[in-house]
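Listed below are the residues making up each chain.
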Amino acid sequence: MTGGIVAAGHDAVADAAAAVLASGGNAFDACVAAGFAGAVAEPGFTSLGGGGFLLAHTAGGDDVVFDFFVDTPGRGREGERPVPHFLPVTVRFLAAEQVFHAGPGSVAVPGCLAGYLHVHARLGRLPLADVIAPAAALAADGVVMSVTQAEVLELVGPILMREPEAAAIIAPDGHPVREGARLTNHDLARYLALLAHDPDGASFYRGPLADALVAQLQSRDGLLTKEDLAAYSVIERAPLASEHRGVRVLTNPSPSFGGTLIALALRLDGLCGPPEPWGSAARAVRAVEVQVEVDRRRATTHGATKGTTHVTVADDEGNVASMTTSNGEGSGDVIPGTGVLLNNMLGEDDLHPDGFHAAAPGQRVASMMAPSLLIGPDGDVRLALGSGGSKRIRTAITHVVSALIDHGEGGVDLTAAVESPRLHWDGEVVQAEPGHGDEVLDALRDRWPVNEWPSRNLYFGGVHAVAPGRGGAGDPRRGGVTRQWPHHFSS
């Protein structure tokens, strides 16, 4: 091991993790610090009011998934539930569009704050105040909006400008904060300062903050209750393990579906025999054939989140953390006095196959998020990775894993694997990033309709990956950057 490595979706997030490593923290301290920093620097993707998963590999060889995704709300309600405030909003990507729902009725029980505190207590080393400090400074001093975050805030602006509290954070001049401008969140800075020294007293899962949050949402026809917040807990799970061409793959297990579908895709690919040359028409056709078959088999399974980010950290002791979090598109609501944006996980149809608000209260919602590890025959982590990108999470991760396992000996390095053009079968059309040759596109068009995108886009996910002791790669589709410590910082 040559030092610590971070891959994340924003310079400030990667810097926060690297600073914690430099202060003597381990990979789990650094990953939690990145989570808090992401709540400031990536408001279009994540928040303390969202949910997520962290896959941990300890230096002692233990592997565990921390599930802190959202729960369905409504515990403790007597009688008939109110008709929730639910607002459909169309989000338009460069060459596709998707309908989401926002408003108080879209807010699920948040898990990120509980998850960060739980992981830090279980595996962290530094005092909590040191882990939160970079995020608190960002919120107070402001963070420069990256091109990715500016693009996302423009996309979800109609949601986040719905209520004045959220609009004051992301659009203080009446327009979502633009690339290069500075976003501050003074309420969040004050809240993080309180949280750093009194996490129990400052928690929004109980006490005065919980009362204020529930009162606000219920006054606006939301479903969240004090019982929901008090009952929320982080779940520790064994990772889902599979094998692909001699490499052990660990990923997110059931009840979420992303890891299961990745394992299925790799198994189906392995059954097709030796891999075709990387970049060839035969390889592209086979990749889509696998996606079509996975899609057919998942007809009764669901799970997605669009507004999603990922961070991966490896330290120089053998600890590795791979964490994916999401706030969906946001509901447009803010926890009173905290600057914490709330999620809209009840408003994504892929998360609710039986219909909106059909699930009983207290259910852990399934997700497509799939932080993953590749373990070599010696038991060491060869690669840690994950992605945002809704339904494209599984195709993005499978694409990178296949490139490295199937074709690594042939010269596909980590950066090339992450940056190479992707394909995604959306159930009707092959969505194709630019960069595939004419031979590849012609072969695909012989089999399926193809929509060729004019430029690389965050629609296709954002894989931020680390090869411990060797390097990392941040996905440019979602502002990806890397940092290495102690040798150098590089983006």
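Structure's up top.
Computed from a predicted structure; not experimentally measured.

Focus on the overall build of the protein
Next, step 1: A tally of regular secondary structure across the protein gives 14 helices and 25 strands.
Next, step 2: A globule of 491 residues ought to have a C-alpha radius of gyration of about 23 Å, and the protein, at 21 Å, matches this closely.
Next, step 3: Projected onto its principal axes, the C-alpha coordinates of the protein cover approximately 60 × 50 × 40 Å.
Next, step 4: Residues classed as buried in the protein amount to 62% of the 491 residues present.
Next, step 5: The long-range share in the protein, meaning contacts at least 24 apart out of those at least 6 apart in sequence, stands at 70%.
Next, step 6: Entry remark: accessible area of the protein is about 16,900 Å², with carbon and sulfur atoms responsible for 51%.
Next, step 7: Distance from the positive charge centre (36 side chains) to the negative charge centre (57 side chains) of the protein: 3 Å.

Quick notes on the nonpolar core
Next, step 1: By size, the foremost hydrophobic cluster in this structure holds 91 residues, and its most contacted members are Phe-36, Leu-48 and Tyr-191.
Next, step 2: When residues in this core are grouped by element, the largest group, 12 residues, is from helix α2 (residues 27-41).
Next, step 3: Ala-265, Leu-414, Val-418 and Ala-473 belong to the second-largest nonpolar core, a separate cluster that totals 53 residues.

Concerning the pattern of salt bridges
Next, step 1: If you walk through the whole model with that rule in mind, you get 32 salt bridges.
Next, step 2: The closest approach of N and O atoms between Asp-11 and Arg-483, which form a salt bridge, is 2.7 Å. One end of the pair, Asp-11, is in helix α1 (residues 11-22); the other, Arg-483, is in strand β24 (residues 481-485), with 472 residues separating them in the sequence.
Next, step 3: With relative accessibility at 36%, the residue Asp-11 sits in the partly exposed group.

Considerations on the environment of Gly-259
Next, step 1: Summarising the element assignment, Gly-259 is placed in helix α10 (residues 258-271).
Next, step 2: Taking relative accessible area as the criterion, Gly-259 reaches 0% and is therefore assigned buried.
Next, step 3: Spatially, the C-alpha atoms of Gly-259 and Ser-367 are 9.4 Å apart, while their sequence positions differ by 108 residues.
Next, step 4: Contact partners of Gly-259, with chain neighbours within four places excluded, come to Leu-240, Thr-251, Asn-252 and Ala-370.

Describing the sheet that holds strand β20 (residues 450-452)
Hydrogen bonds between backbone atoms are what pair the strands of a sheet, whose relative direction is either parallel or antiparallel.
Next, step 1: Read across the open sheet, the three strands follow the order β18-β19-β20; overall the sheet is mixed. The open sheet terminates on both sides in strands that have one partner only, identified here as β18 (423-425) and β20. Each strand axis lies, on average, 20° off the axis of its neighbour in the sheet, ignoring direction.
Next, step 2: In this structure, β18 lies alongside strand β19 (residues 430-432), joined through three bridges in antiparallel fashion. Looking across to β19, one finds that His-424 is bridged to Gln-431.
Next, step 3: The sheet contacts of helix α14 (residues 438-445) involve β18, β19 and β20, and relative to β20 the element is tilted by about 150°.

So, how was this worked out
- Residues numbered from 1 in each chain as written.
- Predicted model: local features only at pLDDT ≥ 70, side-chain atom pairs only at ≥ 80, totals over all residues.
- Heavy atoms only, no water.
- Helix = DSSP H or I, 4+ residues; strand = E, 2+ residues; numbered from the N terminus.
- Rg over C-alpha atoms; globule rule 2.2 N^0.38 Å.
- Buried < 20%, exposed > 50% of the residue type's maximum accessible area, 1.4 Å probe, protein only.
- Contact = heavy atoms within 4.5 Å.
- Areas by Shrake-Rupley, 256 points an atom, 1.4 Å probe, with all protein chains shown as cover.
- Lys, Arg positive; Asp, Glu negative; His and termini not counted.
- Charge placed at Lys NZ, Arg CZ, Asp CG, Glu CD.
- Core = buried A, V, L, I, M, F, W, Y, C linked by side-chain atoms within 4.5 Å.
- Salt bridge = Lys/Arg side-chain N within 4 Å of Asp/Glu carboxyl O.
- Pairing = 2+ DSSP bridges.
- Axes fitted to C-alpha atoms, helices over the stretch in contact; angles between N-to-C directions.

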